[in-house]
Number of protein chains: 2
Amino acid sequence: MESATAPAIILVEPQLGENIGAAARAMLNCGLDDLRLVSPRDGWPSDTARSASAGADLVIDGARVFASLADAVADLSYILATTARVRDMVKPVLSVDRAMDEAWTRTRQGGRAGILFGRERSGLTNDEVSLSNAAVTFPVNPAFSSLNIAQAVLLMAWEWRKRTMAPPPDRVVSADSPPARQEDIHHLFRHFEDSLEEGGFFHPPEKRPHMERNLRNLLLRADLTEQDVRTLHGVIVSLTRLRARNRL
Amino acid sequence: MESATAPAIILVEPQLGENIGAAARAMLNCGLDDLRLVSPRDGWPSDTARSASAGADLVIDGARVFASLADAVADLSYILATTARVRDMVKPVLSVDRAMDEAWTRTRQGGRAGILFGRERSGLTNDEVSLSNAAVTFPVNPAFSSLNIAQAVLLMAWEWRKRTMAPPPDRVVSADSPPARQEDIHHLFRHFEDSLEEGGFFHPPEKRPHMERNLRNLLLRADLTEQDVRTLHGVIVSLTRLRARNRL
């Protein structure tokens, strides 16, 4: 099961139940379910947290409370400390991407990661950061860097989830009609270009190849389906109908 | 200035001021500041939104209200629609990474992106999605996928910020004309649809909305440049020319 190896989220002395609940919601959104609380100010369980979790009962019910950070991380092998800054310490400071790559690699080697989040106002102490393998800082707007705990949890959980998912296909088109074959697209080009020629579109004539290429490129960028090709034939017929009729 | 080219965030008929404020906070955290509201339920300005923004006054004060989605995206060139699913439409469905790569590439080519977020309960309508170049879905936990608006805004804004801080992805499209603005694309739609209406294309009439959506989706998939839009106006004029002339 995925969540058995997903990182644990450890909130150190969280003050507000709303934040614990919102963090639980963000975790479950991304498939994480191991929430650990170090000395939550208002005790545990918390109705406020449950309500703010918007249905993430699985995480709220499974949350565990610890008296010390050391106890909370005892079974984990790789600890990341989220912090705005690292002062007076020799400690690797990783980008979020790098940090989650490290966590992912270690998990695949049989380890288990945990991510520390500090108090709402004051973050983590130097002692707490010193219990981590690496610090992580968020490259947010320096002029407005007040990420709240749930936002920070969401970003870390999101980066984890992206790593657990198979790379998504580049481009998935939702269509009930199959992609058009080039033969049919070329036939459409001829219908289109012949009709434009009749309408005197290609002027001056020496620019015709360039103009045709532009139109073909435009249509090919649209990833036409078979239905699209039929539709566009109908469009051309419709637009030229009265013209043809008037010529008869 | 970075924010001059960062994507606009467009909330369509948001219901709760709390969500607008939390979205503004997430935006500013990641250096985005162009917030646009389409018909917010409880009016604007909103004290609730300001309070929930936790100091993101820059975004709240600069937020603009629009009566329609078309007005809200008029000056933008590349539109992403965040949605849980795309039904009955031929529309690229991109991963968040791919979507933000596309937005980033287009911005570097001189365009400007906008990201649509729907109503809290019901999301975006099909008509609204059909005005986008691509849909984006979040690969969240299928068993618990209730991302709220502010979380979704944060994830998109975060992915944007990561791109502004990192080596950019390969440049995909080489265009000598800048990306077309939505206002000009919508004007093209009207020219096109009026001409088709005259030509009797929309038959039976009750299928017109569906047929129009298909055509709009097709054109939006083509990533039209300003030159493309001029060309297509010329195409329509050319295809209908004799018709119009004979009517005079």
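Residues numbered from 1 in each chain as written. Chains lettered and ligands numbered in written order. Predicted model: local features only at pLDDT ≥ 70, side-chain atom pairs only at ≥ 80, totals over all residues. Heavy atoms only, no water.

This part takes up the interface of chain B and chain A. Contact with chain B, which involves 65 residues of that partner, is made by 63 residues of chain A. Counting the surface lost from both chain B and chain A, the interface buries some 5,400 Å², and carbon and sulfur atoms represent 60% of this. Interface area lost by chain B to chain A is led by F144, W158 and L239 of chain B, which between them contribute 15%. Between K162 of chain B and E159 of chain A there is a salt bridge, with the nearest N and O atoms lying 2.6 Å from each other. On the surface where chain B and chain A come into contact, there are 17 residue pairs in polar contact (both at pLDDT 80 or more). (Contact = heavy atoms within 4.5 Å. Buried area = accessible area lost by both parts, 1.4 Å probe. Salt bridge = Lys/Arg side-chain N within 4 Å of Asp/Glu carboxyl O. Polar contact = N/O pair within 3.5 Å; in protein donor to acceptor, adjacent residues only side chain to side chain.)

We now examine unusual backbone geometry. With omega at -5°, the peptide bond leading from H203 of chain A into P204 of chain A counts as cis. Tracing the backbone shows P204 of chain A in the loop between α8 (182-198) and α9 (208-221). Even without glycine at this site, E13 of chain A takes up a positive phi of about 45°. Positionally, E13 of chain A belongs in the loop between β1 (8-12) and α1 (17-29). Positioned with a positive phi, A54 of chain B is a non-glycine residue whose angle comes to about 55°. By relative accessible area, which is 37% here, A54 of chain B ends up partly exposed. (Helix = DSSP H or I, 4+ residues; strand = E, 2+ residues; numbered from the N terminus. Buried < 20%, exposed > 50% of the residue type's maximum accessible area, 1.4 Å probe, protein only.)

Moving on, we get to the environment of R25 of chain B. You can see R25 of chain B is positioned in helix α1 (residues 17-29). Assessed through its relative accessible area of 16%, R25 of chain B is described here as buried. In this structure the C-alpha to C-alpha distance between R25 of chain B and L154 of chain B, which are 129 residues apart in sequence, comes to 8.6 Å. If sequence neighbours within four positions are ignored, R25 of chain B has contacts with F144, S146, L147, N148 and Q151 of chain A together with S53, A54 and A56 of chain B.

Attention shifts here to the packing of helix α5 (residues 96-108) of chain A against helix α7 (residues 149-164) of chain A. Residue and element names in this part refer to chain A. Taken N-terminus to C-terminus, the directions of α5 and α7 make an angle of 50°; their axes are 10 Å apart at the nearest point. Classified by the angle between their axes, α5 and α7 sit oblique to one another. The hand of the α5/α7 crossing is right-handed. From α5, V96, D97, M100, D101, A103, W104 and T107 reach across to α7, where they touch M156, E159, W160, R163 and T164. Looking at side-chain class alone, the contact of α5 with α7 contains six nonpolar, two polar and four charged residues. (Axes fitted to C-alpha atoms, helices over the stretch in contact; angles between N-to-C directions. Parallel < 35°, antiparallel > 145°, perpendicular 65-115°, else oblique. Left-handed = near helix turned anticlockwise from the far one by under 90°. Nonpolar A, V, L, I, M, F, W, Y, C, P; charged D, E, K, R; others polar.)

All names here are of chain A. Applying the stated criterion across every chain yields a total of 47 salt bridges over all chains. Residues R163 and E159 are paired through a salt bridge, measuring 3.1 Å at the closest nitrogen-oxygen approach. Of this pair, R163 and E159 both sit in helix α7, four residues apart, roughly one helical turn. Of the residues examined, R163 reaches a relative accessible area of 16% and is grouped as buried. The partner of D184 in a salt bridge is R181, and the shortest N-O contact between them spans 3.7 Å.

Any segment with low pLDDT has predicted coordinates that should not be analysed in fine detail. Counting all residues, the mean pLDDT for chain A is 87, and 90% of those residues have values of 70 or more. The ipTM value of the predicted complex is 0.78, and its pTM value is 0.81. (pLDDT = per-residue confidence, 0-100.)

So, about the packing of aromatic side chains. Here the structure, examined in full by the defined rule, presents six aromatic pairs over all chains. Relative to W160 of chain A, the ring of W104 of chain A has its centre 5.3 Å away and its plane inclined at 80°; by these criteria the two rings are edge-to-face. A residue pair is termed long-range when its members are at least 10 positions apart, and W104 of chain A in helix α5 and W160 of chain A in helix α7 qualify at 56 residues. What makes W160 of chain A buried here is its relative accessible area of 1%. On the numbers, 6.0 Å between centres and 65° between planes, the contact of F138 of chain A with W158 of chain B is edge-to-face. Of this pair, F138 of chain A sits in the loop between β7 (134-136) and α7 while W158 of chain B sits in helix α7 (residues 149-165), which puts the two residues in different chains. Of the residues examined, W158 of chain B reaches a relative accessible area of 0% and is grouped as buried. (Phe/Tyr/Trp six-rings, centres within 6.5 Å; stacked < 30°, edge-to-face > 60°.)

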